[in-house]
Amino acid sequence: MAKQEEQQENVLFRNIISHAKEYGFVYQSSEIYDGLQAVYDYGPYGAELKKNLKDLWWQSMTRLNQEVVGLDSAIFMHPHTWKASGHIDSFNDPMIDNKDSKKRYRADVLVEDKAAEYEKNGEAEKGKALVEELARLLEAEDLEGVRELIVRENIVCPVSGTAEWTEVRQFNLMFSTKVGSVAEDADTIYLRPETAQGIFVNFLNVQKTARMKVPFGIAQIGKAFRNEIVARQFIFRMREFEQMEMQYFVRPGEEMKWYEHWRDARLRWHKALGIPEEKLRLHDHEKLAHYANAALDIEFEFPFGFKEVEGIHSRTDFDLGNHQEVSRKKIQYFDPEINKNYTPYVVETSIGADRTFLMLLCNAYTEEEVGEGDKKKMRTYLKFHPALAPVKAAILPLTKKDGLPDKAREIFDKLKYDFNIIYEEQQSIGKRYTRQDLIGTPFCIAVDYDTLEDDTVTIRHRDTTEQERVHINELHNRLAEATSIRNILESL
Ligand code: ATP
């Protein structure tokens, strides 16, 4: 990307961030105390959008797949969980400090950014070779080698502009705390860094009590916590975030078939949300995590480049096998079809709710020039899929008098049980339309003097600003048809 284009992209991202705050989607946590880094709160419209997104994921997992069931496990888990999962020993990021600015960076990210720079400047091969070299060094745990790579590539700190680097050190990403009322009895426990382990330790419970037969999946949505070294890009990388994970248990040897199945199913899901095909890509992992025999990311083109939104991992029997070993409890499945006991293999789909939220926001944010000549102006609106939009419709009486508010309230009261709608009577109708565009409401329903005569209203469509006249009795059906998540589920 040329420098100028890149700067414009950054302006776009800054606009999206301010929009998110100004229109009640996302706020910095504890803002009145100057904020807490990499922690965010969701405002009224953000909370609705996130809830719609989570509901959609949940339903596409559990309703469209009879063999996928849900779970809601606790954030706190027995400390041995994290020994078995490998998180205590190897959930580390290599970090490096700049001696002049005292800023801390992820060493691998510095190198990856450099590789991306090569790619942008038409030196893709050089970038690829650099990524491969980094992968080799990390695999060999050669941290000094990573440092040498940073120095060799002339990577400087963006703040101080110098290459005065410390050595590279491993930094564990788990947050710990103590349980127990008295200090002496206290035991260290961790805030889970992923929801997956709650699923693994419940494998037998779920399999037996819900009488599941391999292949089957367990889906869960919940908070996860990581002490990320570099917190940047808004809600892309947070210290407290939400994951939507599904672990699919399969017969050993069949994992690649299911890996491909879920890769395709998940890609279709992203497209069904309204994300254009050219903004999505698959990225195979160069360096496999300690538990995986195949892994890829689904990436979205954010204003700051293509980045991971979801990971699809073939985790082998690593997790169940290790929990069996550490807990000394047999975790096996008897497969009646082949008359054999085995530890199932796992294919997982792991997606961040917040990151997907950011993807939806970036994709929906639209600035368009409208009008002619002197009347030319910019129109900003959020073109969310109607099934995901935080507010489905706004009921707007043309004026505050002559019985129009009463009529509008009557309509509001009929629809409010089934749809998240807003009633608004302040300001001119034009301003109220604009306000709804800014929060992505797909339909505005205007109540005017004709409504009092013939029970018809005007529906204004967000994306086209076209208006049509419909009878009040049709409103419920029209909204139900346009905003149902069935529209998305049926296209999967
Ligand atoms: P990254 O390489 O970006 O750190 P990861 O590969 O560590 O991500 P996974 O462990 O595969 O991520 O987690 C699955 C998903 O959880 C990611 O695709 C992402 O959507 C989400 N996720 C992970 N870490 C964060 C975070 N710090 N903030 C927000 N979402 C996150």
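Residues numbered from 1 in each chain as written. Predicted model: local features only at pLDDT ≥ 70, side-chain atom pairs only at ≥ 80, totals over all residues. Heavy atoms only, no water.

Draft legend 1. Expanded view of the overall build of the chain. In terms of regular secondary structure, the chain is built from 17 helices and 23 strands. The C-alpha atoms of the chain give 26 Å as radius of gyration, which agrees with the globular expectation for 492 residues (23 Å, within 12%). Dimensions of the chain, computed from the C-alpha atoms along their principal axes, are close to 75 × 60 × 50 Å. Scored against the burial criterion, the 492 residues of the chain give a buried share of 50%. Restricting to contacts in the chain with at least 6 residues of sequence separation, those with at least 24 account for 65%. As displayed, the chain offers around 24100 Å² of accessible surface, 46% of which is attributable to carbon and sulfur atoms. Here the chain carries 67 positive and 84 negative side-chain charges, and the mean point of each set is 2 Å from the other. (Helix = DSSP H or I, 4+ residues; strand = E, 2+ residues; numbered from the N terminus. Rg over C-alpha atoms; globule rule 2.2 N^0.38 Å. Buried < 20%, exposed > 50% of the residue type's maximum accessible area, 1.4 Å probe, protein only. Contact = heavy atoms within 4.5 Å. Areas by Shrake-Rupley, 256 points an atom, 1.4 Å probe, with all protein chains shown as cover. Lys, Arg positive; Asp, Glu negative; His and termini not counted. Charge placed at Lys NZ, Arg CZ, Asp CG, Glu CD.)

Draft legend 2. Region of interest: the site of the ligand. The immediate surroundings of the ligand are formed by 16 residues, with Glu228, Arg237, Met238, Glu308 and Val309 found nearest. Residue arginine 226 places a side-chain N or O atom 2.9 Å away from an oxygen atom belonging to the ligand. Take valine 309: an N or O atom from its main chain is 2.7 Å from an oxygen atom of the ligand. For the ligand, whose free accessible area comes to 590 Å², the fraction covered by protein is 86%. Of all elements in the fold, only strand S10 (240-250), strand S13 (305-316) and strand S16 (345-352) reach the threshold of two or more residues within the shell around the ligand. Ranked by residue count, the leading element in the shell around the ligand is S13, at five residues. Looking at the shell around the ligand residue by residue, the class counts come to four nonpolar, five polar and seven charged. (Near = heavy atom within 4 Å. Polar contact = N/O pair within 3.5 Å; in protein donor to acceptor, adjacent residues only side chain to side chain. Nonpolar A, V, L, I, M, F, W, Y, C, P; charged D, E, K, R; others polar.)

Draft legend 3. Structural context of the side chain of lysine 392. Relative to the elements of secondary structure, lysine 392 occurs in the loop between strand S18 (377-382) and strand S19 (393-397). Glutamate 48 provides the closest opposite charge to the buried, salt-bridge-free lysine 392, at an N-O distance of 7.3 Å. Here alanine 387 takes part through its backbone oxygen, which lies 3.1 Å from a polar atom of the side chain of lysine 392. With residues near it in sequence (within four places) discarded, lysine 392 still touches Asn52, Pro386, Ala387, Phe419, Asn420, Thr441, Pro442, Phe443, Leu479 and Thr483. (Salt bridge = Lys/Arg side-chain N within 4 Å of Asp/Glu carboxyl O.)

Draft legend 4. Broad picture of unusual backbone geometry. At the junction of valine 214 and proline 215, the peptide bond is cis and its omega measures out at 5° in the coordinates. Tracing the sequence through the fold places proline 215 in the loop between helix H9 (203-209) and strand S9 (216-225). At alanine 38, a position not held by glycine, the phi torsion is positive, near 65°. Tracing the chain through its elements places alanine 38 in the loop between strand S1 (26-28) and strand S2 (40-42). For alanine 38, a relative accessible area of 5% puts it in the buried group. We note that threonine 465 has phi near 60°; this positive angle belongs to a residue other than glycine. As for its position among the elements, threonine 465 is in the loop between strand S22 (456-461) and strand S23 (467-471).

Draft legend 5. Region of the structure containing the sheet that holds strand S3 (residues 68-71). One open sheet holds the seven strands; their spatial order is S3-S9-S10-S16-S13-S12-S11, and the pairing between them is mixed. Each having just a single partner strand, S3 and strand S11 (280-284) make up the two edges of the open sheet. The sheet shows a mean angle of 25° between the axes of neighbouring strands, taken without regard to direction. Where S11 meets strand S12 (residues 294-302), five bridges bridge the pair, whose relative direction is antiparallel. Its bridge partner lying in S12, aspartate 284 is registered against leucine 296. Lying over the sheet, helix H12 (residues 353-364) contacts S10, S12, S13 and S16, oriented at roughly 35° with respect to S12. (Pairing = 2+ DSSP bridges. Axes fitted to C-alpha atoms, helices over the stretch in contact; angles between N-to-C directions.)

Draft legend 6. Quick peek at the pattern of salt bridges. Applying the stated criterion across every chain yields a total of 36 salt bridges. Taking the shortest distance from any N to any O, the salt bridge between aspartate 108 and arginine 106 comes out at 3.1 Å. A salt bridge links lysine 407 to glutamate 410; the nearest nitrogen and oxygen atoms lie 3.6 Å apart. With lysine 407 and glutamate 410 both in helix H13 (residues 404-415) and three residues apart, this pair spans about one turn of that helix. Residue class for glutamate 410 comes out partly exposed when judged on its relative accessible area of 43%.

Draft legend 7. A look at the packing of helix H2 (residues 44-62) against H12. Taken N-terminus to C-terminus, the directions of H2 and H12 make an angle of 110°; their axes are 10 Å apart at the nearest point. Here H2 lies roughly perpendicular to H12, going by the angle between them. The chirality of how H2 crosses H12 is right-handed. Along the contact surface, H2 presents Gly46, Leu49, Lys50, Leu53 and Lys54, while H12 presents Ala353, Asp354, Thr356, Phe357 and Leu360. When grouped by side-chain class, the residues that make up the contact of H2 with H12 number five nonpolar, two polar and three charged. (Parallel < 35°, antiparallel > 145°, perpendicular 65-115°, else oblique. Left-handed = near helix turned anticlockwise from the far one by under 90°.)

Draft legend 8. Geometry of the packing of H2 against helix H10 (residues 255-272). Packing of H2 against H10 leaves a shortest axis separation of 12 Å and a crossing angle of 145°. Considering how the two elements wind past one another, H2 and H10 form a crossing that is right-handed. Seen from H2, the contacting residues are Leu53, Leu56, Trp57, Ser60 and Met61; seen from H10, they are Trp262, Arg266 and Trp269. Across the contact of H2 with H10, the residue classes tally to six nonpolar, one polar and one charged.

Draft legend 9. Fine view of helix H7 (residues 143-152). The set of residues buried in H7 consists of Leu143, Gly145, Val146, Leu149 and Ile150. Burial along H7 is one-sided: seen end-on, the buried residues are contained in an arc of 155°. The inward-facing, buried residues of H7 contact strand S4 (92-97), helix H5 (107-120), helix H6 (124-139) and strand S6 (169-172). Just downstream of H7, asparagine 154 is the residue with a positive phi angle, here 55°. (Arc of directions from axis to C-beta.)

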